[in-house]
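Commentary on secondary and tertiary structure
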Amino acid sequence: MDKTQINGIAFVLLIILTVLLLHLTPAAMVGMLVFVLIKRLGSSFGKWLHEYKARQLAATITVLVIIAAVTVFSLYISKTLRSEENLAGLASKVGQTITDIRGELPPTLVSYMPESLLDLKGSISTLIQQHIKELSIAGKNGLHSLAHILIGIVISVLLSLHRFSAISHAKPFAFIMRGRFILLSKAFENIVFAQIKISAINTLLTSIFLLVILPMAHIHIPYANTLVIITFFTGLLPVIGNLLSNTLITIMSIGISFKVAIAALVFLVLIHKLEYFINAKIVGARIQASAWEILLAMLTMESIFGISGLILAPITYAYIKSELNEAKLI
């Protein structure tokens, strides 16, 4: 491994560090995903079309799918929020949930629960007024992240359509950097498709719990089928997606009873813990790494950078290991 190659690796790791420190992980993940999808589709279309035409068609299809998905999701959210029936049903469920929880809690804790939905609304209003500044900042951060993601998508599409000169004609540093980014792209691709498998396994286990085990006990969680679909799509995000779907399921379980919520929480926590090992096993097979290696990388980067580090840990480790393999150091 010569000095130029070491500098190239250091530059890629510096980029990853910058993404983590500037909180650009969502934009980087979405951008790289769009690039990989266009690349894969372009390779498939390349069997029948010229290379550049194939990439153009792949980019067009990918962008149209993204726009369609965002549009459908926005319309669904808009319809849900405008529906008085849904809002009334939600309010009724919240009121019923409060009653159920009050009946299940020990007497010493009941005094801390609101007496009615009106009390709860008052408490929420007070809480919002007390933390309005923090909520405003959170909203701005969300808009910034959305803007970053959109910019990341645009950059990925433009990059996928860019006509690079032959790699054999590149200058030394450009030649080295293109090799580094190819390895990083492959590492990301391996992790993404492994995550799809992980999400499918998690969705299967969750669907068994929601659609089989609970109905056998004569317990029916509202919107169970929708929750299963949400579980799959959120599960495409490493680790954090599982937490999001688990939170939704637990909230819906509270509407049944406090005992069902506890049972659901325990079951979902077990699935969440199991996912760590499934994640390490499947991802490890993709990049020829043992489970303990992936877990150690995830633990280390989560401790330093939080959730963003946890998400990027498998990709970063896969890239570093591919570099070491190529240099025949391991």
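This text goes with the structure placed above it.
Everything quoted here is computed from the prediction, not taken from an experiment.

Details of the overall build of the protein chain
- Looking only at helices and strands, the protein chain has 13 helices and 0 strands in total.
- For the protein chain, the N- to C-terminal ordering of α and β elements is α-α-α-α-α-α-α-α-α-α-α-α-α.
- When the 330 residues of the protein chain are sorted by exposure, 35% land in the buried category.
- For the protein chain, long-range pairs separated by at least 24 residues make up 68% of all intrachain contacts whose partners lie at least 6 apart in sequence.
- Surface accessibility of the protein chain: about 19,900 Å² in total, with carbon and sulfur atoms responsible for 72%.

A few points about the side chain of E189
- Of note, E189 is situated in helix 8 (residues 172-216).
- E189 gets classed as buried once you look at its relative accessible area, which sits at 12%.
- If we skip the residues at most four places from it in the chain, E189 touches V36, K39 and R40.

Quick word on helix 9 (residues 224-234)
- Those residues of helix 9 lying buried are A224, L227, V228, T231 and T234. The buried residues of helix 9 occupy an angular sector of 135° when projected down its axis, which confines them to one face. In this structure, helix 9 carries N225, I229 and F233 as exposed residues pointing more than 90 degrees from its buried face.

Focus on the side chain of T231
- Mapped onto the fold, T231 is located in helix 9.
- Residues in contact with T231, not counting those within four places in the same chain, are S199, N202, T203, T206, S245 and I249.

Observations regarding the nonpolar core
- Counting residues in hydrophobic clusters, the biggest one holds 26 residues, and the most contacted among them are L312, I315 and Y319.
- The set of elements that each furnish at least two residues to this core consists of helix 1 (3-21), helix 2 (25-45), helix 8, helix 12 (291-305) and helix 13 (307-326).
- Other than its neighbours up to four places away in sequence, I315 contacts M29, L184, A187, F188 and I191.
- Residues L210, L214, L227 and A264 belong to the second largest nonpolar core, which totals 14 residues.

Some thoughts on helix 13
- The terminal C-alpha atoms of helix 13, which comprises 20 residues, lie 29 Å apart, in line with the 28 Å expected from a rise of 1.5 Å per residue.
- A bend of about 45° at A313 is the largest found in helix 13, and the proline P314 appears one to four places after it.
- Summarising burial for helix 13: 14 of the 20 residues are buried, a large majority.
- Downstream of helix 13 by a residue or two, K328 has a phi angle that is positive, lying close to 60°.

Thoughts on the packing of aromatic side chains
- Scanning the model with the defined rule gives 2 aromatic pairs in all.
- Ring centres 6.3 Å apart and planes at 75° place the aromatic pair F11 and F173 in the edge-to-face group. Taken together, the positions of F11 in helix 1 and F173 in helix 8 put the pair 162 residues apart, joining distant regions of the chain.
- On the numbers, 4.2 Å between centres and 15° between planes, the contact of F209 with F267 is stacked.

Some points on the packing of helix 8 against helix 9
- Two numbers describe how helix 8 lies on helix 9: the axes approach to 8 Å, and their chain directions differ by 160°. With respect to helix 9, the axis of helix 8 lies roughly antiparallel. As helix 8 runs across helix 9, the sense of the crossing is right-handed. Mapping the contact onto sequence places I196, S199, A200, N202, T203, T206, S207, L210 and L211 in helix 8 and A224, N225, L227, V228, T231 and F232 in helix 9.
- Looking at the contact of helix 8 with helix 9, its residues break down into 8 nonpolar, 7 polar and no charged.

Observations concerning the pattern of salt bridges
- Taken as a whole and judged by the stated rule, the model has 4 salt bridges.
- E326 serves as the salt-bridge partner of R180, at 2.8 Å between the closest nitrogen and oxygen. Taken together, the residues span a long stretch of sequence, with R180 in helix 8 and E326 in helix 13 at a distance of 146 residues.
- According to the relative accessible area criterion, E326 is partly exposed, its value standing at 43%.
- Via salt bridges that share partners, R180, E323 and E326 belong to a single interconnected network.

What to know about a nonpolar patch on the surface
- Taken together, F11, L14, I15, L17, L21, L22, F173 and F181 make up a surface patch of nonpolar side chains, about 720 Å² in accessible area.
- Of all the secondary structure elements, the ones that give two or more residues to the nonpolar patch are helix 1 and helix 8.
- For the nonpolar patch, the element with the highest residue contribution is helix 1, accounting for 5 residues.
- Tracing the backbone shows L21 in helix 1.

Digging into unusual backbone geometry
- One non-glycine residue, H23, lies in the positive phi region at around 60°.
- When you line up the elements, H23 lands in the loop between helix 1 and helix 2.
- The backbone of K328 shows a phi angle near 60°, a positive value even though the residue is not glycine.

So, how was this worked out
Residues numbered from 1 in each chain as written. Predicted model: local features only at pLDDT ≥ 70, side-chain atom pairs only at ≥ 80, totals over all residues. Heavy atoms only, no water. Helix = DSSP H or I, 4+ residues; strand = E, 2+ residues; numbered from the N terminus. Buried < 20%, exposed > 50% of the residue type's maximum accessible area, 1.4 Å probe, protein only. Contact = heavy atoms within 4.5 Å. Areas by Shrake-Rupley, 256 points an atom, 1.4 Å probe, with all protein chains shown as cover. Arc of directions from axis to C-beta. Core = buried A, V, L, I, M, F, W, Y, C linked by side-chain atoms within 4.5 Å. Expected span 1.5 Å × (residues − 1). Bend = angle between axes of the 7 residues up to and from the residue. Phe/Tyr/Trp six-rings, centres within 6.5 Å; stacked < 30°, edge-to-face > 60°. Axes fitted to C-alpha atoms, helices over the stretch in contact; angles between N-to-C directions. Parallel < 35°, antiparallel > 145°, perpendicular 65-115°, else oblique. Left-handed = near helix turned anticlockwise from the far one by under 90°. Nonpolar A, V, L, I, M, F, W, Y, C, P; charged D, E, K, R; others polar. Salt bridge = Lys/Arg side-chain N within 4 Å of Asp/Glu carboxyl O. Patch = residues over 30% accessible without salt bridge, like charges linked within 9 Å, V, L, I, M, F, W, Y side chains within 5 Å.

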